[in-house]
Each structure stands twice: as structure tokens, then as C-alpha cells.
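Listed below are the residues making up each chain.
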Amino acid sequence: MATVWIPTPLQALTGGEATVRATGGTVKELVEDLDRSYPGFKEAIVGEGVLVRPGISVVVDGSVVKKGLLHPVGAESEVFFIPAIGGG
Amino acid sequence: MNKPEKLPHFRVVGTNPIRPDGLDKVTGRAVYGDDFKIAGMLHGKVLRSPHAHARIKSIDTRRAAKLPGVRAIITGADFPKPSVAMVPMGEGGYVDMNDTADNVIAKGKAFYDGHVIAAVAADNPHIAEEAVALIDVKYEVLPPVMDVRSAMAPGAAVLHETFNPGAFFMKTHKVLPNASRLELGAGDVARGFKEADVIVEREFTTETVHQGYIESHICTAQWDERGQVTIWTTTQGAFAIRDQVAIVCAVPMSHVRVVPLEIGGGFGGKDTAYIEPLAAMLAKKADRPVKVVMSRAESLRATGPSSGTFIRAKMGAKKDGTLVAADLSFAYEAGGFPGGPIAAGVLTSITRYNIPNVRLEGFDVLVNKPKVKPYRAPGATQSNFAVEQVMNQLAEKLGMDPVEFRIRNAMKTGDRLILGFPCPPVGGVEMLEAVKKHPHYKAPLGKNQGRGVAFSFWFGAGLTSSAELSVNSDGTVQMCTGSCDLSGTRLTLAMQAAEALGIDVEDVSPTIGDTHSVGYTLQSVGSRTTFATGIAVYEAAQKVLKEMAGRAALLWETDPANVAVDRGDFTDMNNPAHRFTFRELADKLEHSGGPVSAQSTVTPERVGFQLAAHLVDIEVDTETGKVDILRYTAFQDAGKAVHPDFVAGQIQGGVVQGLGWALNEEFWYDAKGRLCNASLLDYRMPIALDVPMIDVVILETPNPGHPFGVRGVGEVPIVPPAAAVANAIYDAIGVRMDALPMKPGRVLQKIKEQKSAAA
């Protein structure tokens, strides 16, 4: 099972847990698995179709992944949802 | 400068070739926005709101239209409502196109002094200016809201009845009529402060500041018979301008061609469309090309500055110097539309230290000022000003050396960041050790002189970049990328191409493509060009080498697997007599399948973090409160400095701008919200006489996300100066500064308060 780090605004859904385990072969499947345990999680992360909501970047094992929810994950993967940050 | 040693396996990277565009720029041959002229060109001028907050009751253009020589007039009514609400701008960042469109030209309400109301195209600039004065606008003037605290106060005038809280972070909500909020955290802050032996709690303010690029915004637009518009402009990102013009003007993206001209500074402020949609609409209406030139005053009044802020900071540490808790609240000005740098600002506030219990709160606050835009590490300078002063104060309470205190708590490779993920390779501890060992750190100081240190972090950006390489028969190479060159990047990219291809950098001819001639490339922002576009160049070079190796195999009638490629030499591993240099093989491409070129579009996923530590010595004139900079040493990790002199230049430039924030720069508004210092005489940026030689120490902890180890370098050097100067002022005269800029009057006031308290 992969480990998902729950961002602060969503820890109310997980009873204050900062990390939870989830099953799936992609980030999207992890999110859907978590939504079953923590209803509302998917709505908070997923925007239109298979896209993350605006303003969120998906990090898998330390890399900001350009495929977002479609990125594959392994059993020992760590997944994070972080604010999108640009620059000047 | 302490230049890094050139690693033996690099031929080109790490050297300092002369920039190919330098002579043209200093002799006037380079074509900037104002140099561009086209036959039949009209001149556009813009009518701007004199009110910071006003409802537009009516706009009467009839008198202006009758003026001989006027060819077109546009108002907000000429622009359609954008068909696309939110547009991705890279790394999950989104821009609300309705806000962008309303910022380009007001529709119903003016949100700041200088907001565009209408625009005129005429035969010459004088007629256009006269016509602008003949446009009759009736306003219902509304009370302005000019700072974050008054905007968040009960009863404040409301800018937008409804607004999209912006692209910050998930469940970010509108929490006040003029503000939305973000909160991040880790651990248990209350418990953390209970464990703390020393706690420092303070409040800070910073003022609105502008990027101050020397060249203002200038563009020219022309339509062709097919309904395609070409825009020549000064910008940090041709594709960003293209996308915004297409959406704001309701034109297919394929029908907008943006040609980036040379750019006279940007620093984050030139990644968005201001006058380009106006020029396009005027040109369409007049059926003539139209040039629009923003004056200095217009640029300062109406283009995106960086946020003024109000900050509350509380941090605690144990006796052994371990940080245990931080509770930080930041209110950033967004300007007239949502979307300030709160995510970046709050996260960079502490990301460089390990703190187990953290609460970070950010407010994005609407005020009647121009929509804020990135300015070199957006949001970080403000939060650093607060946190690095609190760090020094904690160190003092603990009786620890301030650098040693930072080393004790510095984030190391593999440590968990506040968002949970492990820190990629960084050299923060090594940098702080270098600070301690540097002669500057122990140099003697005189009366009223002090030394300050600050340590800083910036994420950097990856984003999409494209590059194309074409091999000529004489062995030279054309290189075209989509990255606008703000700082010499056409050379640093050519150097990476030369390194990868194994040829001399003089044999690579770099050009910057327009949106019809090169693959999609996001803006030159986020310190990303040498890093991300460098990867695109590297990938394209690998494709070129692979194709050329295949051609060598054809010519030698062997399998491509038998061809070895090393530093531009192609050899047949089964026949030592078979050998081509890059140049020799290039000459044979035409007859072995045709010329070779390769394209690459990349979106790098492993961005190297940027760290910087600055040391500054200052002297305070206690009679006037004036602060002079005596000595400055900037330490920065470049990963791998592709062109060390350019890296030093970026650092020195960032320091100078940071010193402007520290000592002088601020927007001055009157009670009605009108900008009073819209000139570079009154908006006081540092000049050469204000700063000493800035020493640079480049460190190199390679970024594994880049084939040569490159990190971005352009943004983080603006972050530490304000905090470092504040710490130096305390060291010199014992007063704690809590507001930017630390101008003479403010320092003098602190000295008076100090004397009163002593009495």
C-alpha cells in the first residue's frame, strides 16, 4: 500500500491523521480508495475528469509529476499534494 | 569572487564565454520594443482611472472620435467575456481569465489608480494623447481600501461582491469580504510552545514595491488578411502572452503569433498581458498596425507590484538551540484581483529549517492597488524579513551564535519538509559553515556599525520548455528555444548544447523563437530557464547525436550499436580507422539521408531547491537614521554554475534589488488611493553609489534532476537582504526594525524610542 500525506486542510477528513495508507496503481486510484474511507477526499483533490483541482501539484516519491492523477504509483510510493508555486 | 573550479569532465560548462548579444545591446543594434517600427503604424494611448475605487457610470467617446487623426477607440465593451474561465500556467498554477480580462481593461468598475478605462489609436502619439483627454467618463467614486489590515477590518469597502478565491490550495475559502485564507501545518503547535525555553513573538509590515525594470511595457500589433494577429512585444514569455491575448480577444491561439523582442528587465513583472490585448483590439478596429508604449508612470501605476504585507510571527526553541514551534500568519496584498503569492510566501518562510510543530496561515487580501505579480521569489522576501529577524532574536536569547543556531536547525538532504516529502539534495549546512569560515564573518566593526546574516530558501520551477537544434554542413549548429532571454540564458543554453554535442560554444548559434516557430515554452520565470530549457537542449542534443551516430554507421556500413560517441567524436568500435569529428560528419549528412535536426519538449520533474545566505555590514548615522551598506557577501548554491560570471551577476542584481526593498522602496498613496511617487526619481531604487562591490561565493551541490547538476539561481538572492540589514541595524545600534523600508525616518524614530525607553 502506498502512503499518502494528507495536507493540513484535509486532515479534518482523516480525523487529524497526517499520513494514511491507500491501495491503487495510480494516484487517481489512491484518491478513490481514500474517498471510500474518508468521503469528500476525492472532491477536494479531483477537478474536472482526471485532472487535479487548480492550484494543486502532485508529488510522487519526491518528483512533481506532470501526469498528476494518472501517474503510476508503487506499493511503497509516497504521494503528496502540495500548493502549486510559480515564480518571477 | 570565489569561482568554483571547473570540473575536469566539463569542457564548456563552468567557463565564462563572452555573451553573443552583449555588443549589440551596448551599441544599440539590439531590437527592443521601442525600436520596433512597421509601415503604416498607428500609435495607441490609454485612458486610465484617476480613482482607486470607482464604479464606471458611463464612457462617452464621441468628442475623441471626432478629432482628426483618430483611427480607433476601444473600451471594455469591445472585449468579449472570456470563454475559458481558468487557464493553467504551469505546475498546477491557474490564472482566472475573467480577472485577467478585467485587469486589461475595466468593465463596470475601476479597482486601482491607473486601471485602464479606454484606449485610442491615432496617427501619432500626440493626437492619441489629445483624444484620450477628450473621453468623458462619469464615475461613482467609492472609498478605497489601501492596506491589508484595513481591508480585513469589519466594515471595509468591498472590492468584489463575489470572487474566485484563486488558485492557492484546495479548500481555500473566501473568509472575509476582501480576503481568502490558506492554512498549512504539522505537529502540535501548542505543545511545541510548551516545550520551548525561549519564545519570540513579533509583528512586521512591508510595503508595496515594484520590479522597476528599466524598459517599460511596449508592443506592436498587426492583423493580416487571414485574421491572424502578430504581436511584437517585450515579455518574459511569448506563449503566455499568446494564450492570454487569444482568450481575452476571443481569437484561436493558432491565430495569435507573439514575437518576443529583447527585454529590458522583467523580474517576474513581464509574464502577463497588459497592453497586448489593447494593441490587438485597436489594430483590428483601425485595420492598421498599432504600437502602444507605456510610460514610466503608467508602468508604476498599473502593472503588478509585489505585495505589501502584515505578518505575525511567533517561534520557540529549546535551551539546546533546537527549534520546536512556529506559528506564523501572513496577510499579503493581492491588489485589485485575487491571487497574491501566499502559498509561496508562507511555505518559504520556514522551509530551510526543521521545526516539528508548525502552523502557517496566509491571507490573500484584495486592496485597491494593481494586481500583484511575481517579483523574484514572490512572497519570500516579505516572510524572510520576519522569520530571519526572529531567528536572530532567539539565538540572542539562547546565547548562541546566529549562524550556529541556523546550522543546528538547518534542513538536510532527506529531512521531511512541512508538506511531508523528503528534502532533495541540498547543501545548506555546508553553506552556513562557509559563512562562519569566511573572513567577512569575523572582520572588525567600528562604532555604529553592525553585521547581519540571513538564510533563505526558494523552490524554483520546472515547467515546460522546448528547444530545436539543426546541424549545418560546416559543423555549426542553429539552436532555437522558446525561452525569452532575461539574463544571458541564450548563452547558458548554447553552452549546454555545446557541452552535450562536444563542440565549441562559438559553433552554436542561439536564437529565441516566436510562438509559430518553436514548441510550447512557459515563461522565463521561477529561475527555470538555464535549468529546464537546458534539459530541453540537452535532450535535443542527445537526439542529434543518436541520429548522427546512425549516419556514421551508414557511411561505415556497420551497425549503429558499434558507433561510440564521445565529446563530438564518432568512432567505429570495430575499426579504429573509422573516425569522424562532429564537423567532418556534419559535412556528410546531406548525402547520408539529409540534414539532421532534433526537437525536444520537456517538463522537468526534479527541480533543485535554491538556498542562499547573506552577510552584510552596515553603518547607521544616528543623527539622520540613514543606513549605509559597507560590505556585502552573498553565498549561494548554484548546483553547477554553467557560466559563473552570469551566476554572480544574478546574485549581485538580486542583492541590489533586495537592498532597495530594505532601505528605500515603497509605493506612496495619498488618502484617495492615488500613487504619488510614479517616477524613478521618487520611487527610489538603489543606484551604483548606494552599494559596495558585492562579493559572491558560489557553492555547488549538484541537482540530480539536471544532467549537469544545474539549479536555478535568479530568484533567491533577493530574499535575504532585507532581513540581513535589519539584523545588522540591531547589531549596530540595538534597535529592532519591524517595518520595510528601513528608511532614515523610520530608523530615527526607533532611535528616539530607544532613548525614551532608556530615560
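Residues numbered from 1 in each chain as written. Chains lettered and ligands numbered in written order. Predicted model: local features only at pLDDT ≥ 70, side-chain atom pairs only at ≥ 80, totals over all residues.

1. Section: the environment of T309 of chain B
Residue and element names in this part refer to chain B. Residue position: T309 is located in strand β16 (residues 309-317). Its 30 C-beta neighbours within 10 Å are what place T309 among the buried residues. Taking the C-alpha atoms as reference points, T309 and A334, separated by 25 residues in sequence, lie 9.8 Å from one another. Apart from the residues lying within four places of it in its own chain, the contact partners of T309 are V148, T205, T206, F330, A331, Y332, E333 and Q382. (Helix = DSSP H or I, 4+ residues; strand = E, 2+ residues; numbered from the N terminus. Buried ≥ 20, exposed ≤ 12 C-beta atoms within 10 Å, placed from the backbone. Contact = placed C-beta atoms within 7 Å.)

2. Here we look at the interface of chain A and chain B
On the side of chain B, 42 residues touch chain A, which itself brings 28 residues to the contact. Every element with two or more residues in the side of chain A that touches chain B is listed here: β3 (56-60), β4 (63-64) and β5 (78-83) of chain A. With 4 residues, β5 of chain A is the largest single contributor of residues to the side of chain A that touches chain B. Here the residues of the side of chain A that touches chain B sort into 17 nonpolar, 8 polar and 3 charged. (Nonpolar A, V, L, I, M, F, W, Y, C, P; charged D, E, K, R; others polar.)

3. Quick word on the sheet that holds strand β24 (residues 569-572) of chain B
Residues and elements named next belong to chain B. Pairing in this open sheet of 3 strands is antiparallel, and the strands run β23-β24-β25 from one edge to the other. Lying at the two open borders of the sheet, with one neighbouring strand each, are β23 (563-566) and β25 (575-581). Each adjacent strand pair in this sheet contributes to an overall mean axis angle of 25°, direction not counted. Pairing of β24 with β25 involves 4 bridges; the strand directions are antiparallel. Looking at the pairing, D572 lines up with N575 of β25. Each of β23, β24 and β25 touches helix α16 (residues 529-556); the most contacted strand, β23, lies at about 135° to it. (Pairing = 2+ DSSP bridges. Axes fitted to C-alpha atoms, helices over the stretch in contact; angles between N-to-C directions.)

4. Observations regarding the sheet that holds strand β29 (residues 694-699) of chain B
Residue and element names in this part refer to chain B. If you walk across this open sheet you meet the 4 strands as β19-β27-β28-β29, and the pairing is mixed. Lying at the two open borders of the sheet, with one neighbouring strand each, are β19 (449-458) and β29. Each strand axis lies, on average, 15° off the axis of its neighbour in the sheet, ignoring direction. Here 6 bridges tie strand β28 (residues 627-637) to β29, and the two strands are oriented parallel to one another.

5. Things to note about helix α19 (residues 721-733) of chain B
All names here are of chain B. An ideal rise of 1.5 Å per residue puts 18 Å on 13 residues; α19 measures up with 18 Å between its terminal C-alpha atoms. For α19, every residue scored as buried is listed here: P721, A722, A723, A724, V725, A726, N727, A728, I729, D731, A732 and I733. Buried residues belonging to α19 abut α11 (380-398), β19, β27 (610-620), β28, α18 (644-663) and α20 (744-758). Backbone geometry just downstream of α19 places G734 in the positive-phi region, at approximately 80°. (Expected span 1.5 Å × (residues − 1).)

6. What to know about the packing of helix α3 (residues 97-104) of chain B against helix α7 (residues 238-248) of chain B
Residues and elements named next belong to chain B. α7 packs onto α3 with a crossing angle of 85° between their chain directions and a minimal axis gap of 10 Å. In terms of their interaxial angle, α3 and α7 are classed as roughly perpendicular. Touching M97, T100, A101 and V104 of α3 are Q244, I247 and V248, all from α7. A per-class count over the contact of α3 with α7 returns 5 nonpolar, 2 polar and no charged. (Parallel < 35°, antiparallel > 145°, perpendicular 65-115°, else oblique.)

7. Topic: helix α10 (residues 342-350) of chain B
Among the 9 residues that make up α10 of chain B, 9 are buried, leaving the element largely enclosed by the rest of the structure. Among the residues making up α10 of chain B, those that are buried are I342, A343, A344, G345, V346, L347, T348, S349 and I350 of chain B. For α10 of chain B, the secondary structure elements touched by its buried residues are β5 of chain A together with β10 (179-186), β17 (323-335), β18 (357-366), α11 and β19 of chain B.

8. Describing the domain arrangement of chain B
Residue and element names in this part refer to chain B. On domain assignment, one finds that chain B holds domain 1 (379-460 + 607-758) and domain 2 (465-602). Using C-alpha coordinates to define each centre, domain 1 is positioned 40 Å away from domain 2. Residue-level contacts link 15 residues of domain 1 with 15 residues of domain 2. (Domains from an automatic or database assignment.)

9. A word on the nonpolar core
In a soluble, globular protein the nonpolar side chains are often hidden away together inside. All names here are of chain B. In this structure, L278, A497, V725 and I729 are the most contacted members of the largest nonpolar core, which totals 269 residues. The leading source of residues in this core is α16, at 14 residues. In this structure, this core is formed jointly by two domains, domain 1 (379-460 + 607-758) and domain 2 (465-602), each of which donates at least three residues. With residues up to four places along the chain from it excluded, the contact list for I729 reads G450, I618, V620, V627, V735, M737, M742 and V747. (Core = buried A, V, L, I, M, F, W, Y, C linked by C-beta atoms within 7 Å.)

10. Looking at the pairing of strand β1 (residues 42-48) of chain B
Residue and element names in this part refer to chain B. Most of β1 sits inside the fold, with 7 of its 7 residues counted as buried. Residue alternation in β1 divides its side chains into two sets, L42, G44, V46 and R48 and H43, K45 and L47, and both sets are buried. One ladder, built from 3 bridges, connects β1 with strand β15 (residues 290-293); its direction is parallel. Residue H43 lies in a different strand from β15, and its bridge partner there is K291. In the sheet, β1 pairs with strand β7 (residues 116-122) via 6 bridges, with the strands oriented antiparallel. Note on β7: the bridge partner recorded for R48 is V116.

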